[in-house]
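Report on the structure
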Amino acid sequence: IEQIDVLKDGSAAAIYGTRGTNGVILITTKNAKGEMPTEVEVNTSVATQQITRRLPFFDADGYRNLVSQGKVGAQDDGASVNWLDEIMQTPVTQIYNMSLRGGTKTTNYVASFEYRGIEGLIKRTNNEMIYPRIEVTHRMFDNAFKINAGLSGYKQTYFAGSDDDNGYNNDVYRNAITYNPTTPIKDANGNWSESPSKTDYLNPVALIDEVEGQNQATNLRMFASAIFTPFEGFDIKYLVSSETYNQTRGYFQTSKHIWSYKNGRTGFASRGARRVVDDLSELTASWKKTLFKDHTFNLLAGYSWMRTNYQMLWMQNFNFPSDDYTYNSMGNGQALQDGRAAEFSEQKENKLIGYFGRFNYSY
């Protein structure tokens, strides 16, 4: 990041057309300017994290003391388990970045590539991201004409521990700090220790181990602009841009998952996809002139066209003959054949077209 500007005044934001009524935040990324030799920069970092202060809950011995006092609801199940330790890990975050910058008097370029491998404090909360970027600026006709174009985006993959876009199941942490510390992780038969009659009291380790899921997303941003300056103080600018977001996700609960037991199912799976496309086209003309050193005039007029297209679909199925295929064989679930599986899809589109102008006089 090279610079951040906050334009809170509506008149200052007017040059941003139909979306600038309430103000604009400008984030300017680093770029190459003027004649400069080729520069290569490589950065890497490795980090970890931990909880610095935990909530003061009873351990197994403290809980057994409650049992000996005959506290209502306290029950000694014979084990000693730190449930928070069982669901947590020592995470490692790795970041690698490489950038290239350079140019001549008329052409500048910048390109970068970044990889982020991020692990969370809770097991299986992994997040991998790749950020490519390239931008080129070319000037001609003694700087009277300037072209700027760029391409950037990201590719993301992370664990989906719940049947939504968030990827994280809040029940894991909540149950880790409320589950009985004397209850074993599994019983003598190798089954998860659970309380099937309670809907909000679940084995937190089982919530992690008895699910499979992955969210994959890609985001691509493209833009190009041309600025023509026929004479000093007068600029005509045309901007076109497009941003596309694609996401696919899958989630699966095994036949041993607590909700499979509670709902009388043998496995549950869901699949979903989402696509959002934002297209923008803007034309602006601005003129700035100072007369007699004290009088400054600034005039701007513009046209803005924006279109947003949204598509989404998802489906569910359950009662699978095997856990082997997880969410990758949706048609094998019996619920789809019985007509009990949910399916949904939609598409929405809207356009926003506006004309805007601004006149400023300063003395």
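Only a predicted model underlies this, so the values are computations on that prediction, with no experimental measurement involved.

**Let's talk about the nonpolar core**
Judged by nonpolar contacts, the single largest core of 19 residues is most densely connected at Trp83, Leu84, Ile87 and Val172. Elements represented by at least two residues in this core include exactly α3 (83-87), α4 (170-176) and α5 (204-209). No other element matches the four residues that α5 contributes to this core. Residues within four places of Leu84 in sequence aside, it is in contact with Arg54, Tyr173, Ala176 and Ile177. Counting residues in hydrophobic clusters, the runner-up holds seven residues, among them Val211, Phe268, Phe318 and Ala335.

**Brief notes about the packing of aromatic side chains**
For any pair of aromatic rings, geometry is given as the distance between the ring centres together with the angle between the planes. Taken as a whole and judged by the stated rule, the model has ten aromatic pairs. Aromatic side chains Tyr179 and Tyr201 sit 4.4 Å apart centroid to centroid with 15° between the ring planes, which places their arrangement in the stacked category. You can see Tyr179 sitting in the loop between α4 and α5 and its partner Tyr201 sitting in the loop between α4 and α5, a full 22 residues away along the chain. What makes Tyr179 buried here is its relative accessible area of 4%. For Tyr201, a relative accessible area of 15% puts it in the buried group. Between the aromatic rings of Phe231 and Phe234, the centroid separation amounts to 5.2 Å while the plane-to-plane angle is 10°, which identifies the pairing as stacked. Given a relative accessible area of 46%, Phe231 falls into the partly exposed group. The rings of Trp83, Tyr179 and Tyr201 are connected pair by pair, giving a single aromatic cluster. Across the ring face of Trp192, the terminal group of Lys186 is positioned such that the distance to the ring centre comes to 4.6 Å.

**A short note on the environment of Thr125**
Positionally, Thr125 belongs in the loop between β5 (107-119) and β6 (126-140). Distance from Thr125 to Gly167, taken between C-alpha atoms, is 8.4 Å for residues 42 residues apart in sequence. The contacts of Thr125, once residues within four sequence positions are left out, are Gln89, Ile118, Glu119, Gly120 and Tyr168. Polar side-chain contacts of Thr125 include one of 2.4 Å to the backbone oxygen of Ile122.

**Regarding the pairing of β6**
A regular strand carries its side chains on alternate faces of the sheet. In the sheet, β5 pairs with β6 via 13 bridges, with the strands oriented antiparallel. Across the sheet, residue Asn108 finds its bridge partner in β6, namely Thr137. From the end of β5 to the start of β6, which pair antiparallel, there are six residues, and Arg124 there has a positive phi angle of about 70°. In this structure, the hairpin formed by β6 and strand β7 (residues 145-159) is closed by a connection of four residues, where Phe141 is found at a positive phi of approximately 55°.

**Brief notes about the pattern of salt bridges**
Scanning the model with the defined rule gives eleven salt bridges in all. Residue Glu135 pairs with Arg133 through a salt bridge whose shortest N-O separation is 2.9 Å. Between Arg174 and Asp171 there is a salt bridge; the shortest N-O distance is 3.0 Å. With a gap of three residues between them, Arg174 and Asp171 both fall in helix α4, about one helical turn apart. On the accessibility criterion, Arg174 (34% relative accessible area) is partly exposed. Overall, Asp171 belongs to the partly exposed group, its relative accessible area being 23%.

Analysis parameters
Residues numbered from 1 in each chain as written. Predicted model: local features only at pLDDT ≥ 70, side-chain atom pairs only at ≥ 80, totals over all residues. Heavy atoms only, no water. Core = buried A, V, L, I, M, F, W, Y, C linked by side-chain atoms within 4.5 Å. Buried < 20%, exposed > 50% of the residue type's maximum accessible area, 1.4 Å probe, protein only. Helix = DSSP H or I, 4+ residues; strand = E, 2+ residues; numbered from the N terminus. Contact = heavy atoms within 4.5 Å. Phe/Tyr/Trp six-rings, centres within 6.5 Å; stacked < 30°, edge-to-face > 60°. Lys NZ or Arg CZ within 6 Å of the ring centre and 35° of its normal. Polar contact = N/O pair within 3.5 Å; in protein donor to acceptor, adjacent residues only side chain to side chain. Pairing = 2+ DSSP bridges. Salt bridge = Lys/Arg side-chain N within 4 Å of Asp/Glu carboxyl O.

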